[in-house]
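Take a look at the letters that make up each chain.
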Amino acid sequence: MKLFLIDPFAQKALLGDKLYESVFRHLYESLKVAGAELHTYDKGNLGRADLLIFFDHNPALLQKSKAAGVPKSRRVLVIWEPETVLPGQYAQKVWEEYGRVITLRQDLARKFGFERIYYPQSRELMPEFPGFNQRKFLVLINANKYSYVDGELYRLRRRAINYFEKSPGGDF
């Protein structure tokens, strides 16, 4: 039986094999049906893993995996968070540490030959949308985040919010 270990990175609450209670449930079930085990890295032996899947680069776990003898060919990086959130994982020297890199970004897949995944939505579509006369003019649901990466959009969002806060009228 193949053993896959996963690092849920941003979802550390899933450590301790709580994958079945999470968005990884479907992956867990699919691998189980296929005759493979999936565990969080803290519940398995790194050196015995057939595959170690990183959901975002984790430098500490990468070093542990190297010390445990996990070869590059058995390390997979799934670039999940955008560059504005985790700029350190968007470096070629990081990608060279993994035998396979998977991304949501088409530009990286094309330029570097990474595999691309499409993020599925787990919710059903709305059966009917409200008519335009029932909708608000503009809605923005956003966290107050900052980034110092060139090209980030958080600054533009704040400018738009400031503009509409100061502009009278409108149905926001």
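Structure: see above.
Residues numbered from 1 in each chain as written. Predicted model: local features only at pLDDT ≥ 70, side-chain atom pairs only at ≥ 80, totals over all residues. Heavy atoms only, no water.

So, the pattern of salt bridges
Counted by the stated rule, this structure contains 5 salt bridges. Between Arg100 and Glu115 there is a salt bridge; the shortest N-O distance is 2.8 Å. Remark: Glu115 occurs in strand E6 (residues 115-116) and Arg100 occurs in strand E5 (residues 100-103); sequence separation between them is 15 residues. By relative accessible area, Arg100 is classed as partly exposed at 43%. For Glu115, a relative accessible area of 38% puts it in the partly exposed group. In this structure, a network of salt bridges that share partners links the residues Lys66, Arg75 and Glu97. (Salt bridge = Lys/Arg side-chain N within 4 Å of Asp/Glu carboxyl O. Helix = DSSP H or I, 4+ residues; strand = E, 2+ residues; numbered from the N terminus. Buried < 20%, exposed > 50% of the residue type's maximum accessible area, 1.4 Å probe, protein only.)

Some words on the pairing of strand E2 (residues 36-40)
Counting buried positions along E2 gives 4 out of 5 residues, so the element sits mostly inside the fold. Where strand E1 (residues 2-7) and E2 come together, 5 bridges link them in parallel fashion. Each bridged residue has a counterpart across the sheet, and for Ile6 the counterpart in E2 is Thr40. (Pairing = 2+ DSSP bridges.)

Quick word on a nonpolar patch on the surface
Together, Phe137, Leu138, Tyr163 and Phe164 make up a nonpolar patch on the protein surface, roughly 430 Å² of accessible area in all. Along the polypeptide, Tyr163 turns up in helix H5 (residues 154-166). (Patch = residues over 30% accessible without salt bridge, like charges linked within 9 Å, V, L, I, M, F, W, Y side chains within 5 Å. Areas by Shrake-Rupley, 256 points an atom, 1.4 Å probe, with all protein chains shown as cover.)

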